[in-house]
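A structural walkthrough
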Amino acid sequence: MLSALFRKPETPAPTTIHESAAPPDPAAWTDSYKKELLDLVAAHGAVLVNGLDLRGTTDVEAVVRRVTDRPVRETEGFAPREAHGEGLYSSAVWPANQPMCMHHELSYARRCPGLLLFACLEPPTGGGATALADAAAVLDALPATLVERFEEEGWLLERSYNGEIGATLSQAFGTEDRGAVDAYCRAHDIETSWQPDGTLRTRQRRSAVVRHPVSGLRCWFNQIAFLSEWTMAPEVREFLIEEYGPRGLPFTTRYGEGDPVPPEVVERINKTYDDVTIRRPWQAGEVMIVDNLRTAHSREAYTGPREVLVAMADPFAPPLPDQPPRRAAA
């Protein structure tokens, strides 16, 4: 049975498939309904399946392999994860009492996942929803002047790998070898600056608006607000600046030509996301499949334990500013 999860005025909502019979074999059921599931994702941006008898990572991996055979290995992650298989990971390590704002997974990378699959093995006792926001609706709702500047310039992500806050070099690049990191960055349009103390700072310019390669929809596709210093809790930002200096933050964002993004712009972007956000508490065994270009996601603050795995698949190469989009090689 198909029905809408939540629907805000003029905002597309994902659909949910309810299982009324006994829980099916997850892999076999997914194999039978793969086309229907992917059609729903294409139409709505996300689909939620509940009633599957998911009991561990093996079940989740079996479901993932039925949905897609093009896994994406995470590189340049901003927070540590535990790998559970090719393209299958734990949720990013992030304080439970701090929300993760709306974003598109790895939208700053040259090769990002086009498809995400979230699977809940243990829901939290409170909060912790993986909320969704339609990227085309966000683009339409943002002020035209704001969109025009970011569309013309793109956006800059600045990162500092200090080994203490955020992902380490090994976690982000799979190595601590300076030569290997430099080679990766050259190949992925990332500027590097090694500091006298041996730490690394990087800058990468990316497009803020991307046209969906299948539907043609123009989508607000970036992490300008989420990775901004102004989205941090004020006391966290103050501590980091005092400890590492204003150019040594683990991450922050700028306009594409290098100007700072002021806090009121970040606030406006986050407010626009809030206006079109849909959310539903997790239940054990649920799976949510998300079009990573069409749909942004967040993780809300929570209490109690929470185990939600994420699979990344179907690689896509977002265009650099002024370049046409193209499919990434598998």
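Residues numbered from 1 in each chain as written. Predicted model: local features only at pLDDT ≥ 70, side-chain atom pairs only at ≥ 80, totals over all residues. Heavy atoms only, no water.

1. Things to note about the packing of aromatic side chains
- Here the structure, examined in full by the defined rule, presents 9 aromatic pairs.
- Ring centres of W29 and Y33 lie 4.7 Å apart, and the angle between their planes is 25°; this geometry places the pair in the stacked category. (Phe/Tyr/Trp six-rings, centres within 6.5 Å; stacked < 30°, edge-to-face > 60°.)

2. Notes on the sheet that holds strand β10 (residues 155-161)
- Read across the open sheet, the 4 strands follow the order β11-β12-β10-β15; overall the sheet is antiparallel. Both outer strands of the open sheet, β11 (191-194) and β15 (251-255), are each paired with one neighbouring strand and no more. Strand-to-strand, the axes of this sheet are offset by a mean angle of 20°, without reference to chain direction.
- The pairing of β11 with strand β12 (residues 200-206) spans 4 bridges and is antiparallel. Residue pairing across strands places T192 opposite T202, the latter belonging to β12. (Pairing = 2+ DSSP bridges. Helix = DSSP H or I, 4+ residues; strand = E, 2+ residues; numbered from the N terminus. Axes fitted to C-alpha atoms, helices over the stretch in contact; angles between N-to-C directions.)

3. Re the state of the cysteines
- What the rule picks out here adds up to 0 disulfides.
- For C101, which is in no disulfide, the shortest distance to another cysteine sulfur is to C112 and amounts to 20 Å.
- Take C112: it sits in no disulfide, and the sulfur closest to it among the cysteines is that of C219, at 12 Å.
- Residue C112 is classed as buried on the basis of its relative accessible area, which comes to 0%. (Disulfide = S-S within 2.5 Å. Buried < 20%, exposed > 50% of the residue type's maximum accessible area, 1.4 Å probe, protein only.)

4. Observations regarding the pattern of salt bridges
- By the definition in use, this model includes 19 salt bridges.
- Close ionic contact of R81 with E74 constitutes a salt bridge, the shortest N to O distance being 3.0 Å.
- Owing to a relative accessible area of 13%, E74 belongs among the buried residues under this scheme.
- The residue E158 makes a salt bridge to R254 at a minimum N-O spacing of 3.2 Å. (Salt bridge = Lys/Arg side-chain N within 4 Å of Asp/Glu carboxyl O.)

5. Here's the deal with the sheet that holds strand β16 (residues 277-278)
- The antiparallel open sheet is built from 4 strands, whose spatial order is β6-β18-β9-β16. Because the sheet does not close on itself, it has two edges, and the strands there are β6 (100-103) and β16.
- Direction of pairing for strand β9 (residues 132-134) relative to β16: antiparallel, over a ladder of 2 bridges. From the neighbouring strand, A133 faces β16, where its bridge partner is T277.

6. So, the nonpolar core
- Counting 60 residues, the largest nonpolar core has F78, F118, F150, W220, I269 and Y273 as the members making the most contacts within it.
- Considering each element in turn, this core owes the most residues, 5 residues, to helix α9 (residues 263-276).
- Among all residues touching F78, those that are not within four sequence positions of it are W94, M100, Y108, R159, G166, A167, Q223, F226, L227 and F251.
- Formed by 22 residues, the second largest nonpolar core is a distinct cluster that contains L54, L88, V287 and L309. (Core = buried A, V, L, I, M, F, W, Y, C linked by side-chain atoms within 4.5 Å. Contact = heavy atoms within 4.5 Å.)

7. Remarks on the confidence of the model for the protein
- Averaged over every residue, the pLDDT of the protein is 90; the share at 70 or more is 91%.
- The low-confidence segment residues 1-11 (pLDDT under 50) makes 26 contacts with residues lying over four places distant or belonging to another chain. (pLDDT = per-residue confidence, 0-100.)

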